[in-house]
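# Inside the fold
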Amino acid sequence: MSLNAKIPDGPLAEKWNKHKFNLKLVNPANKRKYDVIVVGTGLAGGAAAASLAELGYNVKAFCFQDSPRRAHSIAAQGGINAAKNYQNDGDSVYRLFYDTIKGGDYRAREANVYRLAEVSVNIIDQCVAQGVPFAREYGGLLDNRSFGGAQVSRTFYARGQTGQQLLLGAYSALNRQIHHGKVKMYTRTEMLDVVVVDGKAQGIITRSLTTGEIETHTGHAVLLCTGGYGNVFYLSTNAAGSNVTAAWRAHKRGAFFANPCYTQIHPTCIPVTGDHQSKLTLMSESLRNDGRVWAPKTVETAEKLRKGQLKASDIKEEDRDYFLERKYPSFGNLVPRDVASRNAKEMVDENRGVGASGIAVFLDFADAIKRLGKDAVSAKYGNLFDMYYQITDEDPYTQPMRIYPAVHYTMGGLWVDYNLSTNVPGLYALGECNFSDHGANRLGASALMQGLADGYFVIPYTLGDYLATIGPKPVDANHPAFAKTKQDVIDHVNKLLALRGTKTVNEYHRELGHIMWEYCGMARTAEGLTKAKGLIQALRADFWKNAIVLGENEEVNASLERAGRVADFLELGELMVDDALMRSESCGGHFRLESQTPEGEALRDDEHFAFVAAWEYKGDNQPEVLNKEDLNFEYVHLTQRNYK
């Protein structure tokens, strides 16, 4: 199928303004005749629901948590990017655009990324007006700090709680509309399918997580704002409940899934301690502003550290390898996440890892405390230091943190055009749920930026264009497609409840995670990916024979919830492997060992792989069809990434 990204004509800096003018408008008096469904109430969903309701649309918002404020956006720590140039250090909209394209290893659309950089400045003003307590500097302006992949300070922050504070801002705007009756909020409700009528998305099927009731909801459009799929790896920094089900069920109804192999491994996470863990904990990338990453220079020293014969403070300066500063003098510890992660893995692979497991490197604040004082460091990072202490029982003020890469964010997602529309008319994807802005690697502090840009500043324009086209005629809830889709959901739930084997769903999820991390994680090979495909197929077949799902539908049933999500992960995992196997180049978070420079950096193949891979579902156990959207670079010259 030919993919039309609907990128506007004209100069890059004029595309969005020109496009907004050319979009069709909905008369204010007509907006109240339209119903819009928003699935997910994190930053993208909460912002979209509040903005659309403020415009006058009737919004139905859904989340599986008990409150919108529990969305996983709350877990973001370090900051949100915006090209304000308050530091007068050379930042600009174009530089943010360039850094994002380069950071994504030239695998994102220029037009989408430039728009993101352009509206970033408005996001900050919006959030300040909502009362978000950003840090401020002496003159009263909002403070900034640096993040990976940039040589300017453009990251606005609220200590180490930026995601929480931004979500509270969106939540307050959403609550205002709930109070006014323009948003009807459905909590503890999970979307299980999309209803497609005559080729257009016109509703969803949901299940109440408290009563098990399966319901039909109609809408003139459906917005999916359900986050990423990092939990396919079982252990990730995502909340344990984060899942791919909404996006995956939409994919099985015709929406293309783009670039699923692009997953981000975050370099600064608390290392795994054992099989008892259900998730991992992120240590904000902001810590790399003042923390120095190092490993022992020799295997012998590392072994003594692992055995407890030496402490980190015993290691002399000349015996420490500040490997990021050594290899990348221009960016130092603030190289992009994929680069930092691979280098940390390299230290461990060389047997220079630290901690009892040997699967960690140090993040050391001794120099910063000596230079700035403990109080200044605490003012910047105090809650993060406290969180690390509570989890590890180690004081980062007196000894280095131990960190290691972990799955964090997914750049892949549902394919969308410039309007954030999937290839299914009426079905939109916002925030991490879509693929559009980050290419093969997301720069730190850009997730919050994209979620709020999509929700506050893009979808209110682009959705109106679609609604004006279809008109305000009420959706026919009696159309056979609604009953058919609802029955499909009931049949799937019953199929899961009929599983009475001997292995728990959690065991299958953990095993899938091991396969994905081993063969489709930080480094991939054709041989390993081929093996992974067979292992996942066998695991999925075994799941439908030997898994056990207890309880009934008409009750709170965590076993059933997890079973549905893991079944979707088992299918997604195979597609991720197929995508990684097809893309025989290295780029950003997708690192094929067969494709690297002599220095061990990612080696792209622009001649053959400068495209978006959009996969088309063709039926259960059938190979998916690859559709390609070619990426054209008019304003950025394709070069080998260099952070040295």
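Everything below is about the structure printed above this text.
Figured I'd write up the structure that's included with this text.

Rules of the game
Numbers given for residues are sequential positions, taken from 1 along each chain in its written order. Where totals are concerned, whole chains, interfaces and linings use all residues; where local detail is concerned, this predicted model gives features only for residues with pLDDT of at least 70, and gives and counts side-chain atom pairs only at 80 or more. Heavy atoms throughout the structure, all of them, feed into the side-chain values; hydrogens and water do not. Axes here mean lines fitted to C-alpha atoms, for a helix over just the part in contact, with angles spanning 0 to 180 degrees between N-to-C directions. Where helices and strands are cited, they refer to DSSP runs of H or I of at least four residues and of E of at least two residues respectively, numbered from the N terminus. For classification purposes, an angle smaller than 35 degrees is called roughly parallel, one larger than 145 roughly antiparallel, one from 65 to 115 roughly perpendicular, and anything else oblique. By convention the crossing between two helices is left-handed if the near helix lies anticlockwise of the far one by an angle smaller than a right angle, and right-handed if it lies clockwise. Contacts: residue pairs with any heavy atoms within 4.5 Å of one another. For this classification, the nonpolar set comprises Ala, Val, Leu, Ile, Met, Phe, Trp, Tyr, Cys and Pro, the charged set comprises Asp, Glu, Lys and Arg, and every other residue, Gly included, is treated as polar. With a 1.4 Å probe rolled over the protein chains alone, any residue whose accessible area is under 20% of its type maximum counts as buried; one over 50% counts as exposed, and the rest are partly exposed. Two strands make a pair as long as DSSP finds a minimum of two bridges between them. By this rule, a helix spans an expected 1.5 Å times one less than how many residues it contains.

### A short note on the packing of helix α4 (residues 93-103) against helix α5 (residues 110-129)
At a minimum axis distance of 8 Å, the contact between α4 and α5 shows a crossing angle of 135°. Judged by the inter-axis angle, α4 sits oblique to α5. At the point where α4 passes α5, the crossing takes the right-handed sense. Along the contact surface, α4 presents Val93, Tyr94, Leu96, Phe97, Thr100 and Ile101, while α5 presents Glu110, Val113, Tyr114, Ala117, Glu118 and Ser120. For the contact of α4 with α5, the per-class residue count stands at 8 nonpolar, 2 polar and 2 charged.

### Remarks on the pairing of strand β20 (residues 611-616)
Across the 6 residues of β20, 6 count as buried, placing the element largely inside the fold. Residues Phe611, Ala613 and Trp615 line one face of β20 and the alternating positions Val612, Ala614 and Glu616 line the opposite face, and both faces are buried. Pairing of strand β10 (residues 257-258) with β20, which is carried by 2 bridges, proceeds in the antiparallel orientation. Across the sheet, residue Ala258 finds its bridge partner in β20, namely Ala614.

### Section: the sheet that holds β10
Sheets are built from strands paired through backbone hydrogen bonds, the pairs being either parallel or antiparallel. Within the open sheet, the 4 strands sit side by side as β16-β10-β20-β21. Their pairing is antiparallel. With one partner strand each, in any of the chains shown, β16 (413-414) and β21 (625-630) form the two edges of the open sheet. Packed onto the sheet, helix α17 (residues 558-582) meets β10, β20 and β21 and runs at close to 145° relative to β20.

### So, helix α6 (residues 162-180)
If you check α6, its first and last C-alpha atoms are 28 Å apart, about what 19 residues at 1.5 Å a residue would give, namely 27 Å. By the burial criterion, the buried members of α6 are Thr162, Gly163, Gln165, Leu166, Leu167, Gly169, Ala170, Ala173, Leu174 and Gln177. Where α6 is buried, its residues contact α3 (43-55), β3 (80-81), α5, β4 (155-156), β5 (183-186) and α13 (447-470). One or two steps after α6, the chain reaches Gly181, where phi turns positive at roughly 85°.

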